[in-house]
Amino acid sequence: ANFKETKTRLDQAKQSAQGLRKDRAVVLDSLAVRKEVAELEGRLSALHAAAEKESGAKVDEAELGSVERQCVEVHREWKRRRKMCMEMVFAFSERADTKVPT
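Described in the following lines is the structure provided in the data block. (Residues numbered from 1 in each chain as written. Predicted model: local features only at pLDDT ≥ 70, side-chain atom pairs only at ≥ 80, totals over all residues. Heavy atoms only, no water.)

Here's the deal with a negative patch on the surface
- Together, Asp60, Glu61, Glu63 and Glu68 make up a negatively charged patch on the protein surface.
- Position of Glu63 relative to the elements: it lies in helix H2 (residues 61-95). (Patch = residues over 30% accessible without salt bridge, like charges linked within 9 Å, V, L, I, M, F, W, Y side chains within 5 Å. Areas by Shrake-Rupley, 256 points an atom, 1.4 Å probe, with all protein chains shown as cover. Salt bridge = Lys/Arg side-chain N within 4 Å of Asp/Glu carboxyl O. Lys, Arg positive; Asp, Glu negative; His and termini not counted. Charge placed at Lys NZ, Arg CZ, Asp CG, Glu CD. Helix = DSSP H or I, 4+ residues; strand = E, 2+ residues; numbered from the N terminus.)

So this is what it looks like as structure tokens:
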């Protein structure tokens, strides 16, 4: 009975030691994560500071006008192509005797 008790205690001690090792690994991982979070927060604050400095950047009016014109042209082209596609769909639907929802 003495041998069995000793073996049981040894097994319990091994399990306890294994649990402690896992706990220690978790603590070390959490410390590494905290360090990384602190570094990322520092980078974030630096980026915020840089963004605040550059917030007064001027927009080139000529470039803005050019982009607006391109946007209007692209939208106009999209509408033209959409109209052509819908005409084709209606033509096919008439030939197939089906209705196309509008």
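Things to note about the pattern of salt bridges
- For the structure on display, the rule yields 3 salt bridges.
- Residue Glu77 is joined to Arg80 by a salt bridge in which the shortest nitrogen-to-oxygen separation is 2.5 Å. One end of the pair is Glu77 and the other is Arg80, both in helix H2 and 3 residues apart, which spans about a single turn.
- Take Glu77: its relative accessible area is 27%, and that puts it in the partly exposed class.
- When its relative accessible area of 42% is taken as the criterion, Arg80 is described as partly exposed. (Buried < 20%, exposed > 50% of the residue type's maximum accessible area, 1.4 Å probe, protein only.)

A look at a nonpolar patch on the surface
- Taken together, the side chains of Val27, Leu28 and Leu31 present a nonpolar region at the surface, about 260 Å² in accessible area.
- Residue placement: Leu31 occurs in helix H1 (residues 2-54).
- Given a relative accessible area of 44%, Leu31 falls into the partly exposed group.

So, to be careful, I would describe these as geometric facts and stop short of saying anything about function.
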